[in-house]
Amino acid sequence: ITKYVIVTSSNLPLFAPILQLPARYWQELQEEERKDENKVKKDGEQSKEALQQEEDKTQKAKKRKQDQSPSDGEKKSDPFPGPAPIPEDRLQKFKRKDKLKKPHRKQHKLRDIIARSEDASEMAQKQAARFDLLLPEEAGFLEGDEDEDTCMISQEDIAEAVDITSGAKYFNLKLSQFGPYRLDYSKTGRHLLLGGRRGHVACIDWASKQLMCEINVMESVNDVKWLHTEAMYAVAQKKWLYIYDSNGIELHCIRKFNDVLRMQFLPYHFLLATICHALGSAGKISVDEHFLNQPHHIQSHINHIRWPLSIYFTLSYKNLVFVVVVVFVYMVTSGMDKKLKVYDVRTFKPLKSYFLPAGAACLSLSQKGLLSAATGDVVQVYKDVCSMPVTKPYMAHRLRGTVWGLHFCPFEDVLGIGHGDGFTSMLVPGAGEPNFDGLDANPYRSAKQRQEWEVKALMEKIQPDLISLDPTELAQVDQATWEQRHQDRVEVLGFDPLAKEKFVPKYKKKGRSSAGAIERRKKQVAHEEQRDVIRKSVEDKMKMEKERKERERKKAALSTQKSALDRFKK
């Protein structure tokens, strides 16, 4: 790089070009530091300008919002006022009861209680209708091709058509040595209990195909039943009733229940109802052998799934009744007359009657209303038997042995069949409820959740006094008269707590307790009581007379009114 400098020496010219020496390394560092400082200053100035612009924008937005906001006296209107609308059909789906007739205004406390109860019921209905959108699962169904009946479709074809997980639910257990078998599914639908006629009892987690326990009680088994959880089950053996845990350990032997034929556990009442041969036993529902020999009458135990029942019920049949099954308000019976009858337990009248090829020995109703009937070694499934006439079965399946027990699995499209050759799990599309209540029966609950549910269920246990034929009676007001309640109270206590004691005159001195004085006091008290009765009867008569006059006055007022048709009178 050439530069021109001034030199004062006389030997050199005035302007002479010279070469500049290279800068030192510390000088280069100082120059770089100066450049960085200048750059930082420029960046700081730019950031300050950006911040100032942002502040200006926010201030303008606030000012614009204040200008657009309404004054204090005005309110901003909601474009969608009120709660979200709910379709009427969805509300009707979750309707619980009709509104009650409110009592007289004098009973203001009862009116308030009824009003609060109706408000709570209406709120629960609306919430259930809104939350119905959160239940995306729908029930399955089976449809055939043109001119093809669904009852002709085999289980193998269904297992091949569905996915692998659903197809694995169709299987057979060959247990011909200890059959025939009775069965029961747990409330959650995950565990299976099998009881062979020759003493074989097994607990299976059938979803994962794991064996929980397996024992042989060394005597005949009539029936098996899960209790409130899958940790305990009851076995009706030849002589007595036994309670076992899920490991096969005997917990209890109930000797009062001997010769038990069938059992049913009421989960919301924590009650185990049984049918047995013996008569006169406390706490049991019995079937007399005399009735079994006389085919005109039989006393049968009926149970209710949501509102359990445990009563004596008499059926008049031409032949022996095989089985009775009840779900909600419908009862289905079958007997030797080869008829399948549907009753309404509220009116005790038959609604529909169907003719079967043979008398059904076993019946079972699913959560979605499908009915399975077993005749010999053939199982037939019917659809909508309670609501509409049925001409042909929905599905059919033939087994190797005679059917001994039927039970639909909760929350699954599976029908468990116990027969002489073992156990068969049959696929029935549309049988189970697709959406389960995680707080009531959760198939995927852990051990901790099961323990918490058990404590809560024990605290919310329903009393046996609430068992009734018509479940809607629980939502009604008991309008029994005071006299009826008082009479019931007298029968329970054995005496009348409100009865007046016999008047005994007090003993007085100075000759005032003579026989004549005592009789006079007794008559005086008797006259006072008689006066009260007469006064009350006179008041009642005056009240009735006043009401009669009021009715006559209203009738006369109506008769004096002119009608538009009076001009046609002659």
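Keep in mind it's a predicted model, so treat the numbers as computed, not measured.

Considering the overall build of the protein chain
Looking only at helices and strands, the protein chain features nine helices and 27 strands. Classification of the 570 residues of the protein chain by burial places 33% in the buried group. Within the protein chain, counting contacts between residues at least 6 apart in sequence, those at least 24 apart form 42% of the total. For the protein chain, the exposed area adds up to about 39,600 Å²; of that, 53% sits on carbon and sulfur atoms.

A few points about the environment of Ala526
Secondary-structure assignment places Ala526 in helix 9 (residues 515-560). Taking the C-alpha atoms as reference points, Ala526 and Phe503, separated by 23 residues in sequence, lie 8.9 Å from one another.

Quick look at the sheet that holds strand 3 (residues 171-174)
Reading across from one edge, 3-27-26-25 is the order of the four strands in this open sheet, with antiparallel pairing throughout. The open sheet terminates on both sides in strands that have one partner only, identified here as strand 3 and strand 25 (403-408). Averaged over all pairs of adjacent strands, the angle between strand axes in this sheet comes to 15°, irrespective of strand direction. Taken together, the five bridges between strand 25 and strand 26 (residues 414-419) define a ladder with antiparallel strand orientation. The partner of Phe408 across the bridge, within strand 26, is Leu415.

A closer look at the nonpolar core
Of all hydrophobic cores here, the largest spans 32 residues; its most connected members are Leu415 and Val428. Sorting the residues of this core by element identifies strand 4 (181-185), strand 5 (191-196), strand 23 (378-382), strand 25, strand 26 and strand 27 (422-427) as the ones contributing at least two each. Contact partners of Leu415, with chain neighbours within four places excluded, come to Ser372, Val379, Val381, Leu406, His407, Phe408, Thr424, Ser425, Met426 and Val428.

Here's the deal with the pairing of strand 22 (residues 371-375)
Within strand 22, five of the five residues are buried, which leaves the element mostly enclosed by the surrounding structure. Of the two faces of strand 22, the one carrying Leu371, Ala373 and Thr375 and the one carrying Ser372 and Ala374 are both buried. In this structure, strand 21 (residues 362-365) lies alongside strand 22, joined through four bridges in antiparallel fashion. By the bridge assignment for strand 22, Cys362 is matched with Ala374.

Here we look at a positive patch on the surface
On the surface, Lys506, Lys508, Lys510 and Arg512 cluster together into a positively charged patch. Its place among the elements puts Arg512 in the loop between helix 8 (482-493) and helix 9.

A look at a nonpolar patch on the surface
There is a patch of nonpolar side chains on the surface, built from Val492, Leu493 and Phe495 and spanning about 320 Å² of accessible area. Tracing the sequence through the fold places Leu493 in helix 8.

Quick word on the packing of aromatic side chains
Applying the stated criterion across every chain yields a total of eight aromatic pairs. Between the aromatic rings of Phe171 and Phe423, the centroid separation amounts to 6.0 Å while the plane-to-plane angle is 50°, which identifies the pairing as tilted. One end of the pair, Phe171, is in strand 3; the other, Phe423, is in strand 27, with 252 residues separating them in the sequence. On the basis of relative accessibility, which here comes to 14%, the residue Phe171 falls in the buried class. Taken together, a centroid distance of 6.2 Å and an interplanar angle of 70° make the contact between Tyr185 and Trp206 edge-to-face. One end of the pair, Tyr185, is in strand 4; the other, Trp206, is in the loop between strand 6 (200-205) and strand 7 (210-216), and 21 residues separate them in sequence. Taken together, the aromatic side chains of Trp226, Tyr233, Tyr242 and Tyr244 make up a single cluster linked through ring pairs. In this structure, Arg255 packs its charged tip against the face of Trp240, placed 4.7 Å from the ring centre. Between the NZ or CZ atom of Arg445 and the centre of the ring of Trp453, over which it lies, the distance is 5.0 Å.

A look at unusual backbone geometry
The residue after Gly179, namely Pro180, is reached through a cis peptide bond having omega -5°. Its place among the elements puts Pro180 in the loop between strand 3 and strand 4. Notably, Met218 is not glycine yet its phi reads approximately 65°, a positive angle. Within the secondary structure layout, Met218 lies in the loop between strand 7 and strand 8 (221-226). The phi angle at Lys338 is positive, at roughly 65°, despite the residue not being glycine. For Lys338, the position within the fold is in the loop between strand 18 (330-335) and strand 19 (339-344).

Things to note about the confidence of the model for the protein chain
Predicted confidence across the protein chain gives a mean pLDDT of 78, with 77% of residues reaching 70 or more. Scored below 50 in pLDDT, residues 1-21 makes 18 contacts in the model with residues more than four places away or belonging to other chains. Below a pLDDT of 50 lies the segment residues 279-319, which in the model reaches 105 contacts outside its immediate sequence neighbourhood of four places, other chains included.

Quick look at the pattern of salt bridges
Counted under the stated rule, the structure contains 16 salt bridges. Between Glu412 and Lys169 there is a salt bridge, with its nearest N and O atoms 2.5 Å apart. Of this pair, Glu412 sits in the loop between strand 25 and strand 26 while Lys169 sits in the loop between helix 5 (164-167) and strand 3, placing them 243 residues apart in sequence. Between Glu550 and Arg553 there is a salt bridge, with its nearest N and O atoms 2.4 Å apart. Of this pair, Glu550 and Arg553 both sit in helix 9, three residues apart, which is roughly one turn of that helix. Here Glu550 falls in the partly exposed class, since its relative accessible area comes to 34%. Linked through salt bridges whose partners overlap, the residues forming this network are Glu545, Arg548 and Glu552.

What counts and what doesn't
Residues numbered from 1 in each chain as written. Predicted model: local features only at pLDDT ≥ 70, side-chain atom pairs only at ≥ 80, totals over all residues. Heavy atoms only, no water. Helix = DSSP H or I, 4+ residues; strand = E, 2+ residues; numbered from the N terminus. Buried < 20%, exposed > 50% of the residue type's maximum accessible area, 1.4 Å probe, protein only. Contact = heavy atoms within 4.5 Å. Areas by Shrake-Rupley, 256 points an atom, 1.4 Å probe, with all protein chains shown as cover. Pairing = 2+ DSSP bridges. Axes fitted to C-alpha atoms, helices over the stretch in contact; angles between N-to-C directions. Core = buried A, V, L, I, M, F, W, Y, C linked by side-chain atoms within 4.5 Å. Patch = residues over 30% accessible without salt bridge, like charges linked within 9 Å, V, L, I, M, F, W, Y side chains within 5 Å. Salt bridge = Lys/Arg side-chain N within 4 Å of Asp/Glu carboxyl O. Lys, Arg positive; Asp, Glu negative; His and termini not counted. Charge placed at Lys NZ, Arg CZ, Asp CG, Glu CD. Phe/Tyr/Trp six-rings, centres within 6.5 Å; stacked < 30°, edge-to-face > 60°. Lys NZ or Arg CZ within 6 Å of the ring centre and 35° of its normal. pLDDT = per-residue confidence, 0-100.

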